[in-house]
Amino acid sequence: MACSSLTEVPSSLQYLDKLEELDLGFCYNLRSFPVLDSKVLSVLLISRCLDVTMCPTISQNMKWLQLEETSIKEVPQSVTGKLELLFLDGCSEMTKFPEISEDIRTLYLSGTAIKEVPSSIQFLTRLYVLDMSGCSKLETLPEITVPMKSLQHLYLSKTGIKEVPSSLIKHMISLITLNLDGTPIKELPLSIKDMVCLEDLTLHGTPIKALPELPPSLRNLSTHDSASLKTVISIINIGRLWFGLDFSNCFKLDQKPLIAAMLLKIQVSLLTPSIFLLSLLLASSHFRNVTSVLQSGEEIPLGRIQMVLPGSEIPEWFGDKGIGSSLTIQLPSNSHQLKGIAFCLVFLLPLPSHDMLYEFVDRSYVHVYFDYHVKSKNGEHDGDDEGVFASQGSRALSLNLKTCDSDHMILRYELELVNHLRQYSGNEVTLKFHHHEVDNRGGKVGHEIQKPFKLKNCGVYLHFDENLLADTDLP
C-alpha cells in the first residue's frame, strides 16, 4: 500500500468478508486499525510501521503475518494459531521468543532483543527456516533431544552465541545452511562432520582457532577475516566448494597443508598407487594437521579449485613465474596431454576502486579475466588462433577482496581452458590478466572497460595426464 499519510485503517475494513490479503507495508505513520476477524483473511503485512506498538487482533486463520520493523513487544498466542510464516525482523522492542503454533514453517526474528530460545522449539515439526541473525543479546542455544527433521536453514550471524551444543549438531539432521558469522564462537563440535546435509557454513569474522573435519556435502565455506584461525584439519571437499576457500585476512593460518593438499587434489585422480604414496611421503611435513587424505580417483565436479590466502610467496610447484599482470610460457611438445592449468596471482593493494567492483548485498566480487595469445613457431601471430577466454563467461575469483589488509594470493585450478590450448604444442602463449570496469549493478561503463589487473607477480602450473592421447583429445 505504501501510503505514508495513513494514520489509521477505517473500521469498515472489518466487514470485508471476502478480503484474503492486506498489505499495509511502508505506511510509516500508521498507529491503529480495527479488529480483522475475516475468516478468509490469511495474509497481513504491516511492515516498517514504527508507530505500531501492539499486534492487531486478527483471525485465527491467518497464515502469513509480517510485522517487521514495528514497535510491538509481543505476539499473542491467539494470533499465531495457524501461522505458517511470521516475520518480526527489526522489532527491537521484542525481548521474548513468541509462542508459536506447530504449523510454523518460516520464522524471522533477526534484529530483535530476544535473549533465549526455548527448548520447545524442537517440537516445531514443520519449522523450515529460523533466522535470529543480529540478536546480539542471544548468547546460548537450548539442548535438543529429538530430531528436527524439517529445519534446513539456521541463521545466527552477529548473535552472542559462544558455543554450538553438540546436541544441536546431532539432531538438526536436515540442516543445509548454518550461518555463524560475526559470533564469538571459538570452536565447532567434532561431530559437525556428521551433518550429512550441510552445504553452507559461514564463519567469517569469528575468533575460531581451528576447523575440524567438515562434512563432504559442504558446498560453501566462508572463513575470511577469522584472525585467530590457525589450522584446517581436513579439506577433503576442496574441489566441491562452489566459491572455493577464502582465507583472506586469516594471518595466523598455517598455509602449507592447504597448498600441499591443493596440489594433491589436482594430481591424485591421475596417480598410480605407488606414485601417490611417494607424493604423500614427499609432502608429509606439510600434512601434520591433515587427518583426512584426499580420496584417489575423485573428480573435480565444477572443473575448478580456488583458494585465497594471505601472502605473496608463489608455491614452488608453479614452474612458470612472472612479474606484473602478464606471463609468457612455452607449451611443450606433449601439450595434447594437458589435463588442467593452475594460476597463482599475487595482487597489489589497493584493489580496483568501488566503481570497478560488482556489489551484491554486502559483498563485492572482483572478476579477474585473462586473454591468451598464441605465437606461432616462426614468431608471427596466428590471428585465427587468438582468443579471449573471458568471453566464455565471467569468473569471480574471490569475495570481499577490497577488505584485504596486505598482500594476498589467489590460487586457481582450471580444467576448461586446456581444451583450447592442447592444439598449440610447442608454441608460445602469453597470458594477460585484466578486469572489467563496471558500475554497482554489474553493467560495463566507460570507453575503456578492460583494464589490467594490477598484480605483484603470477605463476602458472601445467598439469599433464599421460593417459590422454593426441588423436582423441585434439579438437
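Residues numbered from 1 in each chain as written. Predicted model: local features only at pLDDT ≥ 70, side-chain atom pairs only at ≥ 80, totals over all residues. Heavy atoms only, no water.

Chemist: What is the right way to look at the overall build of the protein in this model?
Modeler: If you tally the helices and strands in the protein, you get five helices and 25 strands. Looking at the protein residue by residue over its 475 residues, the buried ones come to 52%. Pairs at least 24 residues apart make up 51% of the contacts formed inside the protein by residues separated by at least 6 positions. Element-wise, carbon and sulfur atoms account for 51% of the exposed surface of the protein, whose accessible area totals about 22,200 Å². (Helix = DSSP H or I, 4+ residues; strand = E, 2+ residues; numbered from the N terminus. Buried < 20%, exposed > 50% of the residue type's maximum accessible area, 1.4 Å probe, protein only. Contact = heavy atoms within 4.5 Å. Areas by Shrake-Rupley, 256 points an atom, 1.4 Å probe, with all protein chains shown as cover.)

Chemist: Explanation requested: the pattern of salt bridges in the structure shown.
Modeler: In a structure, side chains of opposite charge can pair up when their charged atoms sit close to one another. Evaluation of the coordinates by the stated rule reveals seven salt bridges. Between glutamate 69 and arginine 48 there is a salt bridge; the shortest N-O distance is 3.8 Å. Taken as a pair, glutamate 69 in the loop between β3 (64-66) and β4 (85-87) and arginine 48 in the loop between β2 (43-45) and β3 lie far apart in primary sequence, 21 residues in all. For glutamate 139, the salt bridge is made with lysine 162, and the minimal N-O distance between the two is 3.6 Å. Within this pair, whereas glutamate 139 is found in the loop between β6 (129-131) and β7 (153-155), its partner lysine 162 is found in the loop between β7 and α1 (166-171), the two being separated by 23 residues in sequence. Here the salt bridges do not stand alone but share partners, grouping Arg48, Glu68 and Glu69 into one network. (Salt bridge = Lys/Arg side-chain N within 4 Å of Asp/Glu carboxyl O.)

Chemist: Is there a simple way to think about helix α2 (residues 256-267) in this case?
Modeler: Because each turn of an α-helix spans 3.6 residues, side chains separated by three or four positions in sequence point in the same direction. Along its twelve residues, α2 runs 17 Å from first to last C-alpha, staying within 8% of the 16 Å computed at 1.5 Å per residue. In terms of residue burial, α2 counts as a mostly covered element, since eleven of its twelve residues are buried. Pro257, Leu258, Ile259, Ala260, Ala261, Met262, Leu263, Leu264, Lys265, Ile266 and Gln267 are the residues of α2 that are buried. (Expected span 1.5 Å × (residues − 1).)

Chemist: I tried to follow unusual backbone geometry on my own but got confused; where do I start?
Modeler: Comment: phi is negative for the bulk of residues other than glycine, and the bulk of peptide bonds are trans. Phi at aspartate 225 takes a positive value of approximately 65°, unusual for a residue other than glycine. Relative to the elements of secondary structure, aspartate 225 occurs in the loop between β11 (220-222) and β12 (231-232). The backbone of asparagine 249 shows a phi angle near 65°, a positive value even though the residue is not glycine. Looking at the secondary structure, you find asparagine 249 in the loop between β13 (245-246) and α2. Its relative accessible area of 3% is what places asparagine 249 among the buried residues.

Chemist: How should the nonpolar core be read in this particular structure?
Modeler: Generally speaking, nonpolar side chains in soluble globular proteins are found buried as a group. Ranked by size, the top nonpolar core spans 94 residues in total, and within it Leu30, Leu65, Met132, Leu201 and Phe247 carry the most contacts. Counting residues per element, the ones that place at least two in this core are α1, α2, β14 (304-310), β17 (338-347) and β22 (408-414). No other element matches the five residues that α2 contributes to this core. Apart from the residues within four sequence positions on either side, methionine 132 is in contact with Phe97, Leu109, Ser110, Ile114, Val117, Leu138, Tyr155, Leu156 and Thr159. Listed in part, the 27 residues of the second largest apolar core include Leu345, Cys404, Val418 and Leu455. (Core = buried A, V, L, I, M, F, W, Y, C linked by side-chain atoms within 4.5 Å.)

Chemist: Before we go on, may I ask you to explain the packing of aromatic side chains in this structure?
Modeler: The geometry of an aromatic ring pair is captured by two quantities: the separation of the ring centres and the angle between the planes. One pass over the structure, following the stated rule, counts six aromatic pairs. Between phenylalanine 318 and tyrosine 461, the ring centres sit 6.5 Å apart and the planes meet at 70°, which makes this aromatic pair edge-to-face. Of this pair, phenylalanine 318 sits in the loop between β14 and β15 (320-323) while tyrosine 461 sits in strand β25 (residues 455-464), and the two are 143 residues apart along the sequence. Look at tyrosine 461 and you get buried, because its relative accessible area is 12%. Through a chain of ring-to-ring contacts, the aromatic side chains of Trp64, Phe87 and Tyr108 assemble into a single cluster. (Phe/Tyr/Trp six-rings, centres within 6.5 Å; stacked < 30°, edge-to-face > 60°.)

Chemist: So what exactly am I meant to see when it comes to the confidence of the model for the protein here?
Modeler: Do not read the fine detail of predicted coordinates wherever pLDDT is low. Mean pLDDT for the protein: 79, with 77% of residues reaching 70 or above. Under a pLDDT of 50 for its full length, residues 270-297 has, in the predicted model, 41 contacts with residues more than four places off or in other chains. The low-confidence segment residues 385-394, where pLDDT is below 50, has 22 contacts with residues more than four positions distant or belonging to other chains. (pLDDT = per-residue confidence, 0-100.)

Chemist: What am I meant to see in the environment of aspartate 254 here?
Modeler: By secondary structure assignment, the location of aspartate 254 is in the loop between β13 and α2. Classification of aspartate 254 by relative accessible area gives partly exposed; the value is 32%. When the C-alpha positions of aspartate 254 and lysine 230 are compared, they lie 5.6 Å apart, and in sequence the two are 24 residues distant. Among the polar contacts made by the side chain of aspartate 254, one reaches the main-chain amide nitrogen of lysine 256 at a distance of 3.5 Å. (Polar contact = N/O pair within 3.5 Å; in protein donor to acceptor, adjacent residues only side chain to side chain.)

Chemist: Sorry, what's going on with a nonpolar patch on the surface here?
Modeler: A contiguous nonpolar surface patch, about 280 Å² in accessible area, is contributed by Trp242, Phe243 and Leu302. Relative to the elements of secondary structure, phenylalanine 243 occurs in the loop between β12 and β13. With a relative accessible area of 40%, phenylalanine 243 lands in the partly exposed category. (Patch = residues over 30% accessible without salt bridge, like charges linked within 9 Å, V, L, I, M, F, W, Y side chains within 5 Å.)

Chemist: Can you help me understand the environment of serine 335 in this one?
Modeler: Among the structural elements, serine 335 can be located in the loop between β16 (326-330) and β17. Sequence-wise, serine 335 and tyrosine 424 are 89 residues apart; in three dimensions their C-alpha atoms are separated by 7.0 Å. Ignoring any residue separated from it by four or fewer positions in sequence, one finds serine 335 in contact with Leu421, Arg422, Ser425 and Phe464. Side-chain polar atoms of serine 335 contact the backbone oxygen of proline 332, separated by 2.8 Å.

Chemist: What's the story with the environment of leucine 214 in this structure? I'm lost.
Modeler: With respect to the helices and strands, the residue leucine 214 is situated in the loop between β10 (210-211) and β11. The sequence separation of leucine 214 and valine 196 amounts to 18 residues, and the corresponding C-alpha distance is 9.5 Å. Other than its neighbours up to four places away in sequence, leucine 214 contacts Ile192, Lys193, Leu201 and Leu221.

Chemist: Quick question: what am I supposed to make of a positive patch on the surface here?
Modeler: There is a patch of like positive charges on the surface, built from Lys186, Lys209, Lys230 and Lys252. The topology assignment puts lysine 209 in the loop between β9 (200-202) and β10. (Lys, Arg positive; Asp, Glu negative; His and termini not counted. Charge placed at Lys NZ, Arg CZ, Asp CG, Glu CD.)

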